[in-house]
Amino acid sequence: VDLAELQARISVCRACPRLVAWRESVAREGRRASFADQPYWGRPGPSFGDPMAEILIVGLAPAANGTNRTGRMFTGDSSGDFLYAALHRTGFANQPTSIGAGDGLRLNGIRIVATVRCAPPANAPTAQEKASCLPWLRRDLELSPQVHTIMTLGGIGWDGVLGAARALDWAVPQPKPKFAHAQEVELVRPDGVAVRLVGCYHVSPHNTFTKRLTPAMLDEVLQSLRSRP
Ligand code: DU
Ligand code: SF4
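Reading the values: rules and limits
- Residues numbered from 1 in each chain as written.
- Chains lettered and ligands numbered in written order.
- Predicted model: local features only at pLDDT ≥ 70, side-chain atom pairs only at ≥ 80, totals over all residues.
- Heavy atoms only, no water.
- Helix = DSSP H or I, 4+ residues; strand = E, 2+ residues; numbered from the N terminus.
- Rg over C-alpha atoms; globule rule 2.2 N^0.38 Å.
- Buried < 20%, exposed > 50% of the residue type's maximum accessible area, 1.4 Å probe, protein only.
- Near = heavy atom within 4 Å.
- Nonpolar A, V, L, I, M, F, W, Y, C, P; charged D, E, K, R; others polar.
- Contact = heavy atoms within 4.5 Å.
- Phe/Tyr/Trp six-rings, centres within 6.5 Å; stacked < 30°, edge-to-face > 60°.
- Lys NZ or Arg CZ within 6 Å of the ring centre and 35° of its normal.
- Polar contact = N/O pair within 3.5 Å; in protein donor to acceptor, adjacent residues only side chain to side chain.
- Pairing = 2+ DSSP bridges.
- Core = buried A, V, L, I, M, F, W, Y, C linked by side-chain atoms within 4.5 Å.

Some details on the overall build of the protein chain
Counting secondary structure elements, the protein chain contains eight helices and six strands. When the helices and strands of the protein chain are placed in sequence order, the string is α-α-β-β-α-α-β-α-β-α-β-β-α-α. Relative to the compact-globule value of 17 Å for 229 residues, the protein chain shows a C-alpha radius of gyration of 17 Å, a close match. Over its C-alpha atoms, taken along the principal directions, the protein chain stretches across nearly 50 × 35 × 30 Å. Counting all 229 residues of the protein chain, 52% fall into the buried class.

As structure tokens, this is what we get:
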């Protein structure tokens, strides 16, 4: 199994009945009027970016009319507009916008995944849904051993990575480190290799419109990701 095969398996996952119903009903009849003429993805959101990346960005979950529409992480909503502009400013993306398949976007040195891979109602997965999707994140980490730094957008991704790390027998600091913006901890794999975990406020409009997360704050965290543990 490699990352492409993992992706193929995730793309047909139906483990969470509530999320399967939501992702498909939004795709069928819940479309935003401005996208009414577009086909919707309506499935788990695949990871996007450089398959050899040494840096991983972990988000929360696809947005109903964003990734769940376009099939690409953080693509088609204002969260993504904010993130991809920053990835371009910091040299990780070849262009500042992500519109969807065929737009020529490439990431260099970075790959983006979601903690929960299907769009949840109100962007709020249940504890059980988070637990059900965690093995996919665990497998992803296992299949990308070159990753030396993981940045999570928000606390759900932070807790997800810590959970996946524990399942992989990585050494996690005790007591459990809490998510905070620009917080950083070191995780150690059983083979002795250290992995940096870096927290960043989520790029949601709730944080960016209120300037809780500014472009400068995001650029600073992104720039810090290139240094190895
Ligand atoms: O066809 P491909 O070069 O394997 O790329 C598949 C997919 O991944 C495409 O949408 C671009 C993206 N990608 C990337 O963003 N950065 C890379 O280094 C390689 C692929
Ligand atoms: Fe499967 Fe994850 Fe989607 Fe649940 S959220 S159906 S575990 S891909």
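Comments concerning the site of ligand 2
Taken together, the neighbourhood of ligand 2 is formed by Cys-13, Arg-14, Ala-15, Cys-16, Leu-19, Pro-44, Val-116, Arg-117, Cys-118, Ser-132, Cys-133 and Trp-136. Looking at the shell around ligand 2 residue by residue, the classes come out as nine nonpolar, one polar and two charged.

Some words on the side chain of His-148
Structurally, His-148 is set in the loop between helix H5 (127–142) and strand S4 (149–153). Those residues in contact with His-148 that lie beyond four places of it in its chain are Glu-54, Ile-55, Ala-194, Val-195, Arg-196, Leu-225, Arg-226, Ser-227, Arg-228 and Pro-229.

Looking at the packing of aromatic side chains
Enumeration according to the criterion identifies two aromatic pairs in this entry. On the basis of an interplanar angle of 70° and a centroid distance of 6.0 Å, the ring pair of Trp-158 and Phe-179 is categorised as edge-to-face. Taken together, the positions of Trp-158 in helix H6 (residues 155–167) and Phe-179 in the loop between H6 and strand S5 (184–188) put the pair 21 residues apart, joining distant regions of the chain. Three or more aromatic residues joined by ring pairs make a cluster, and in this case those are Trp-158, Phe-179 and Tyr-201. The ring of Trp-41 is capped by Arg-43, whose NZ or CZ atom sits 4.6 Å from the centre of that ring. Over the ring of Phe-92 we find Arg-226, and its NZ or CZ is 3.9 Å from the ring centre.

Observations concerning the site of ligand 1
If you check the shell around ligand 1, you find Phe-48, Gly-49, Asp-50, Pro-51, Leu-105, Arg-106 and Leu-107 and nothing else. At 3.4 Å, a backbone N or O of Gly-49 approaches a nitrogen atom of ligand 1. Take Arg-106: an N or O atom from its side chain is 3.3 Å from an oxygen atom of ligand 1. Among the residues forming the shell around ligand 1, the class breakdown is four nonpolar, one polar and two charged.

Some words on the pairing of strand S6 (residues 194–200)
One face of the sheet, then the other: side chains in a regular strand alternate in exactly this way. For S6, the buried fraction is high: seven of the seven residues fall into the buried class. Of the two faces of S6, both are covered, the one formed by Ala-194, Arg-196, Val-198 and Cys-200 as well as the one formed by Val-195, Leu-197 and Gly-199. Here S4 runs beside S6; their pairing, made up of five bridges, is parallel. In the sheet register, Thr-152 faces S6, and the bridge partner there is Gly-199. Relative to S6, S5 runs antiparallel, the two being bridged by five bridges. For Glu-186, the partnering residue across the bridge sits in S6 and is Arg-196. Hairpin connection from S5 to S6: five residues lie between these consecutive antiparallel strands, with Gly-192 at a positive phi of about 90°.

Overview of the nonpolar core
If you look at the biggest cluster of nonpolar residues, it comprises 28 residues, and the most contacted ones within it are Leu-87, Ile-112 and Leu-218. Every element with two or more residues in this core is listed here: strand S2 (55–59), helix H4 (78–89), strand S3 (110–114), S4, S6 and helix H8 (215–224). A total of five residues in this core trace back to one element, the largest contributor, which is H4. Excluding anything up to four places from it in sequence, Ile-112 contacts Ser-47, Phe-48, Ile-57, Met-73, Phe-74, Leu-83, Tyr-84, Leu-87 and Leu-107. Of all hydrophobic cores here, the second largest spans 19 residues; its members include Val-113, Leu-137, Val-195 and Leu-197.

Examining unusual backbone geometry
With an omega of -10°, the peptide bond running from Gln-174 to Pro-175 counts as cis. Tracing the chain through its elements places Pro-175 in the loop between H6 and S5. Of note, the phi angle at Ala-182 is positive, near 65°, even though the residue is not glycine. Residue placement: Ala-182 occurs in the loop between H6 and S5.

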